[in-house]
Amino acid sequence: MNVIGVLLCGGSSQRMGFNKLTTPLGGSNALARSASLLAASGCDKLVVAVTPDTRPAAEALSLPIPVTLCDGGSTRGQSVLNALRAANGQPGDIAVIHDAARCFQSPDAVRAAIDSAKENGSGIASLPMADSVFETDAQRPLDRSKLVRTQTPQAFRFEEILHAYEQAGNQNATDDAALYARFIGPLTFTPGSEMGRKLTTAEDWTWAQGLSIRPRTGTGFDTHVLGEGRKLILGGVDIPFEKGLVAHSDGDVLLHALMDALLGAASLGDIGHLFPDKDPQYENISSRILLREVARRLREKGFTVVHVDVTVIAQRPKLAPYFPQAIQNIAEDLCIGKDQVSLKATTTEGMNDEGKGLCISAQAIANLY
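Described in the following lines is the structure provided in the data block.

Procedures and definitions
Residues numbered from 1 in each chain as written. Predicted model: local features only at pLDDT ≥ 70, side-chain atom pairs only at ≥ 80, totals over all residues. Heavy atoms only, no water. Helix = DSSP H or I, 4+ residues; strand = E, 2+ residues; numbered from the N terminus. Buried < 20%, exposed > 50% of the residue type's maximum accessible area, 1.4 Å probe, protein only. Contact = heavy atoms within 4.5 Å. Areas by Shrake-Rupley, 256 points an atom, 1.4 Å probe, with all protein chains shown as cover. Lys, Arg positive; Asp, Glu negative; His and termini not counted. Charge placed at Lys NZ, Arg CZ, Asp CG, Glu CD. Phe/Tyr/Trp six-rings, centres within 6.5 Å; stacked < 30°, edge-to-face > 60°. Salt bridge = Lys/Arg side-chain N within 4 Å of Asp/Glu carboxyl O.

**Here's the deal with the overall build of the protein chain**
Consideration 1: Within the protein chain, the secondary structure is distributed over twelve helices and 16 strands.
Consideration 2: Taking the principal axes of the C-alpha coordinates as reference, the protein chain spans close to 85 × 40 × 40 Å.
Consideration 3: A total of 369 residues make up the protein chain; the buried ones form 51% of that total.
Consideration 4: Of the contacts formed within the protein chain by residues at least 6 apart in sequence, a portion of 72% connects residues at least 24 apart.
Consideration 5: When the accessible surface of the protein chain is totalled, it reaches about 16900 Å², and 49% of it is carbon and sulfur.
Consideration 6: Positive and negative side-chain charges of the protein chain, numbering 35 and 41 respectively, have mean locations separated by a distance of 2 Å.

Set out below in structure tokens:
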């Protein structure tokens, strides 16, 4: 069973007056935030329905799962159908349909929808009605205990939601759940989040900017001795050298400093506390595995990575040729863009233990919101 994310990026943003999906928002944009949300919340691959305006931003995505782009349609329903057809899903797969404009939706809401679709056939992120609701023509209140506000994601068994859209033909639908209920069967509603608000109006954009301008900053530092018989691994890249870094894990000081910076920004402790060097399960473990676990903990606490910057301090070897792959690794593991990762290297002009070739150190800074 594959979980296939369907990300809808085909709107015109007419009410907003600018492209809300690609305009910078707190170091990223709504399209990239929503794509990272799906990638980090259980999707095995992603299909993105785009317009000519949103295609470049979609092509720039850097995610740890496969991404396919397809042309959006003239309506939301046509965009969903195009994406489902492009997904090449199989019976038993799950489709998770999400509006990119709901870029702050909770990961818990995504996972709840997926789990419900696996068990019940559908999972519709929704919220209870908090306000009184009136039917204006009849001038009477409705029973709000029987009403919900639906959001996305909306998750379904792949073959069933595809059948519903194909049955609907040219009948436009602003909500996937409505077609499922009409052509397939009863819906199962799952907890959504107030953070799943759709960016539609200027007021919504102001709200989103308010979320994005509350930065958290953390710093990290790590150093390891160079020794014989060890691989030199930095940023998850094997670097040819006569010595490697001595450590309980793989000794990747670049990622160790980065993880401490991320954890510090979120007030979640440090890697020594989370991954003790006395624990045998971490012996020789790849630091990329640990970085993914740090990223998971950040998402669990509601943090998004805005930018990271790491400086490696080493006299030898020359590291710059290996940094492009290291940047790619970090971007994938954190589910962020490569332009949100900065790596630098410096020497100490022969001074200190780094300059004498006894060790390699790294210092990092991370910005979160």
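**Description of the packing of aromatic side chains**
Consideration 1: Taken as a whole and assessed by the stated rule, the structure comprises five aromatic pairs.
Consideration 2: Ring centres 5.4 Å apart and planes at 75° place the aromatic pair Phe-275 and Tyr-282 in the edge-to-face group.
Consideration 3: Residue classification places Phe-275 among the buried residues on the basis of a relative accessible area of 9%.
Consideration 4: According to the relative accessible area criterion, Tyr-282 is buried, its value standing at 14%.
Consideration 5: Ring pairing ties together the aromatic residues Phe-104, Trp-207 and Tyr-369, which thus form one cluster.

**Structural notes on the pattern of salt bridges**
Consideration 1: Counting across every chain of the model gives 19 salt bridges.
Consideration 2: One salt bridge connects Asp-99 with Arg-102, and the closest N-O pair in it is separated by 3.9 Å. Both residues of the pair, Asp-99 and Arg-102, belong to the buried class.
Consideration 3: Across the salt bridge formed by Arg-316 and Glu-242, the nearest N and O atoms sit 3.1 Å from each other. Highlighted residues: Arg-316 in the loop between β14 (305-313) and α11 (323-334) and Glu-242 in the loop between β12 (237-239) and β13 (244-245), separated in sequence by 74 residues.
Consideration 4: Taken together, the salt bridges that share partners define one network made up of Arg-76, Asp-99, Arg-102 and Asp-176.

Without other data, these values stay purely geometric and don't point to any function.
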